[in-house]
Amino acid sequence: MAAPAGADSPLSPYTVARVGSTSTYTATPASGSVISGSLKTVVETAATRLTDGGGGTIRFGAGTFDLGGTWWEFYDLYGVTFEGAGMGSTLITNNASDATDTEPFDMSASDRITIRDLTVRAGGPLRSTSDAIDFDGGDFVVIERVEVSGSRARGIIFDGKGGGSITHADDNVVRDCYVHDVPGDGIELLASSRNLVEGCRISNVGGYGVRIGKSSSQATQPNKPSDENTVRGNTIDQAGRDGIFVNSSNRNRITANRITNSSDDVTSRDGIRISSSDSRSCNGNVIRTNVATDTQATKTQAYGLNITSSLCVGTIVGGDNDFTGNKAGTVKNSGTGTVFEQGNQHPTVSAGPDTSGSVTTGVVLDGTASDDGPAPLTTAWSATAGPSGVSFDDPGAVDTTARFTQPGTYTLQLVATDGAGLSTADSVGVTVYAGGTTVLAIPITVGSDDGEEREGGAVSRSSKNLELVTDGAPQVVGLRFPGVQVPRGATVTGAHVQFTSSAVTTAATNLEVRVQLSGDAAPISGNAFNLSSRLASSSAPVAWAPAPWSTVGAAGADQRTPGLANGLQQVVARGDWNAGNAVLVLVTGTGKRTAWAWDGSPAGAPVLHLTYTIP
């Protein structure tokens, strides 16, 4: 895209070096006199002399070149290349707090400039228009293999909104760059057209990853759009706003980018957003072959693509984009005449629900995969987290058995790939237990997990005692036990609730004990009839006629319910049960036995005891 410059000046190249440990630098030309002075002076002087001679290169070796509180101000340069020894090897840095633009590379009306193979770090307090590399005007510029690791605002900007000699900033290239940890946008094209941003990596920026937009309505060239730019093959992660933002600009091509986890500073932003402001159009933009997804446990990126305005007309959305996995959805379309192309779609894949098993038997995996072609569709299982020693009976089959050498928590991933190389992945969590018998004791640990529903439906969760079950009139007692670590499908071999007596009670008592048949019992609430409403969805009652309780503080066989294994077995066999979920036990009947509630004695609160086996 950039046109070649003319013949180089005989002074080229200038080699910039620091004099010992002093603040003096030299710029030594291929022939002619050496320039000596501050880093600002020698580079600005060398750049002017090269421009006057037809262009050339200013070369920086490995090391740090510190401008201190100053910055380079370049005007009307032509054909000058600023070349380092590589990203991370050559560092251009400054730290300025002036209330003006303080970019290390502050370029005005400078054409056919190249900046390559170096790192730029601009320090100083936040200032919204003080960036790292700033071209106010400038055509046929190339910025390649440049890292921006700090800035007072944006990383790289081309600005064509001005007047006079800076009326446009067009036909520029930014490629293979790395912009990160800046408070503003990673790369911005402002009133700047026909540019290419390609192969860059942008991460952890406070603003947009890449911003393409019009000038403001108060600019020298008001509402000037950025048209016909190409943004392709870039990787953008954790942009504070949108990953790629196109505002009131036309015929831009957004292709083959991977955008993840945007909107981590400003809520409800998107992977790619096409928008309009000041009633200006955003027409004919093309969005193809991008991935815009959110891979975080707590998602922040709202949509993969959001076309926000009816003034965005004729947006072309390729069928080969992947906008799955976002917080709110794939595509939100408020545009006019949006064209959704039919093309090769990414495969659809599911690794199945989270599951569990044992070292002895392994875990049966139930995956699915489908695709629209081209064939063949291939699948592959792998372990992405957990202890080592995982194997698969057939790693290429969606339905297979995973084998483990040790207990633990694992993440297994199923990847489906079509004949064109488009892939989709999904993961399943697997808990692996050792074989044999496990004994658990789960106490009630908060007052809200034991409750009494009195006649008329009122529920109390703060009583010091649990009357089983007459307290003036028969009531329903509920006991919720969270964190029951029994794997789905285990065999429950024993279960009972152990109470501790809180009063002497000897009257004849006949109780019925049930287990709510829920995969994760809801907390006991203060709503009327919260306990009795669950009786209809509970296991068959187990009769209990407890012997007299003649001793306060007793916690023996007389204070123990009969076996509840059948009810617990029905719960852990449910498809919505997962290890760590909650179980609710309900007690009804006649007569009275009085036990401690958690609020009366945390040490004497009811305890669920159970044993289970897995092969």
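Provided above is the structure to which this section pertains.
This one's a predicted model, so the numbers in the text were calculated from it and none came from an experiment. (Residues numbered from 1 in each chain as written. Predicted model: local features only at pLDDT ≥ 70, side-chain atom pairs only at ≥ 80, totals over all residues. Heavy atoms only, no water.)

Participant: Sorry if this is basic, but what is going on with the overall build of the protein chain here?
Facilitator: On a plain count of helices and strands, the protein chain comes out with two helices and 51 strands. Taking the principal axes of its C-alpha atoms as reference, the protein chain extends roughly 110 × 55 × 50 Å. Here the protein chain holds 615 residues, and the buried ones make up 51% of them. Charged side chains of the protein chain number 42 positive and 60 negative; the gap between the two group centres comes to 3 Å. (Helix = DSSP H or I, 4+ residues; strand = E, 2+ residues; numbered from the N terminus. Buried < 20%, exposed > 50% of the residue type's maximum accessible area, 1.4 Å probe, protein only. Lys, Arg positive; Asp, Glu negative; His and termini not counted. Charge placed at Lys NZ, Arg CZ, Asp CG, Glu CD.)

Participant: So what exactly am I meant to see when it comes to the sheet that holds strand E19 (residues 210–213) here?
Facilitator: The pairing of strands in a sheet comes from backbone hydrogen bonds and takes either a parallel or an antiparallel form. Within the open sheet, the 10 strands sit side by side as E6-E9-E11-E13-E16-E19-E22-E25-E28-E30. Their pairing is parallel. The sheet terminates laterally at strand E6 (72–75) and strand E30 (329–333), the two strands that pair on one side only. Looking at each pair of strands side by side, their axes are set apart by 5 degrees on average, direction ignored. As paired elements, strand E11 (residues 133–136) and strand E13 (residues 156–159) share four bridges and run parallel to each other. Its bridge partner being in E13, Asp136 is matched across the sheet by Asp159. (Pairing = 2+ DSSP bridges. Axes fitted to C-alpha atoms, helices over the stretch in contact; angles between N-to-C directions.)

Participant: Even after reading the chapter, I still don't get the pairing of strand E9 (residues 105–108), so can you show me in this structure?
Facilitator: For a regular strand, side-chain orientation follows a simple rule: the groups alternate between the two sheet faces. Judged by which residues are buried, E9 turns out to be covered on both faces: Phe105 and Met107 on one side and Asp106 and Ser108 on the other are all buried. In this sheet, E9 lies alongside E6 in parallel orientation, the contact comprising four bridges. In the strand pairing of E9, Tyr75 is matched with Ser108. Examined bridge by bridge, E9 and E11 share four bridges and lie parallel to one another. Note that in E11 the partner of Ser108 across the bridge is Asp136.

Participant: Can you help me understand the sheet that holds strand E34 (residues 363–366) in this one?
Facilitator: The strand order across the open sheet formed by three strands is E34-E38-E37, and the pairing between neighbours is antiparallel. This sheet does not close on itself; its edge strands, each paired only once, are E34 and strand E37 (391–392). Examined bridge by bridge, E34 and strand E38 (residues 399–403) share four bridges and lie antiparallel to one another. The partner of Asp366 across the bridge, within E38, is Asp399.

Participant: Explanation requested: the state of the cysteines in the structure shown.
Facilitator: Note on terminology: a disulfide is the covalent bond linking the sulfur atoms of two cysteines. Taken as a whole and judged by the stated rule, the model has one disulfide. The residue that forms a disulfide with Cys282 is Cys312, at a sulfur-sulfur distance of 1.7 Å. Every disulfide takes its handedness from the sign of the S-S torsion; for Cys282 and Cys312 that torsion is -95 degrees, giving left-handed. Of this pair, Cys282 sits in the loop between strand E25 (272–275) and strand E26 (286–288) while Cys312 sits in the loop between strand E28 (303–307) and strand E29 (316–317), and the two are 30 residues apart along the sequence. You'll find Cys282 and Cys312 in the same group, each marked buried. Not part of a disulfide, Cys200 finds its nearest cysteine sulfur in Cys177, a span of 4.4 Å. (Disulfide = S-S within 2.5 Å.)

Participant: Got a minute to help me understand the environment of Ser276 in this structure?
Facilitator: Tracing the backbone through its elements, the reader meets Ser276 in the loop between E25 and E26. The class of Ser276 is buried, set by a relative accessible area of 18%. When the C-alpha positions of Ser276 and Glu83 are compared, they lie 38 Å apart, and in sequence the two are 193 residues distant. Setting aside anything within four residues of it in sequence, one finds Ser276 in contact with Asn247, Ser248, Cys282, Thr308, Ser309, Leu311 and Cys312. Polar side-chain contacts of Ser276 include one of 2.5 Å to the backbone oxygen of Arg280. (Contact = heavy atoms within 4.5 Å. Polar contact = N/O pair within 3.5 Å; in protein donor to acceptor, adjacent residues only side chain to side chain.)

Participant: Just to check I follow, could you spell out the pattern of salt bridges for this structure?
Facilitator: It is possible for side chains of opposite charge to pair when their charged atoms get near one another. With the rule as written, the count across this model stands at 27 salt bridges. For Asp117, the salt bridge identified is with Arg145, shortest N-O distance 2.5 Å. Of this pair, Asp117 sits in strand E10 (residues 114–123) while Arg145 is found in strand E12 (residues 142–150), placing the two residues 28 residues apart along the sequence. For Arg145, a relative accessible area of 33% translates into the label partly exposed. (Salt bridge = Lys/Arg side-chain N within 4 Å of Asp/Glu carboxyl O.)

Participant: Please explain the nonpolar core as it appears in this structure.
Facilitator: Looking at soluble globular proteins, one finds that nonpolar side chains tend to be buried together. Counting 68 residues, the largest nonpolar core has Val43, Ile58, Phe82, Phe105, Ile115, Ile133 and Ile143 as the members making the most contacts within it. The biggest single contributor to this core is helix H1 (residues 39–52), with six residues. Membership of the second largest hydrophobic core comes to 38 residues, among which are Leu468, Ala490, Leu511 and Trp549. (Core = buried A, V, L, I, M, F, W, Y, C linked by side-chain atoms within 4.5 Å.)

These figures come from the coordinates and say nothing about function on their own.
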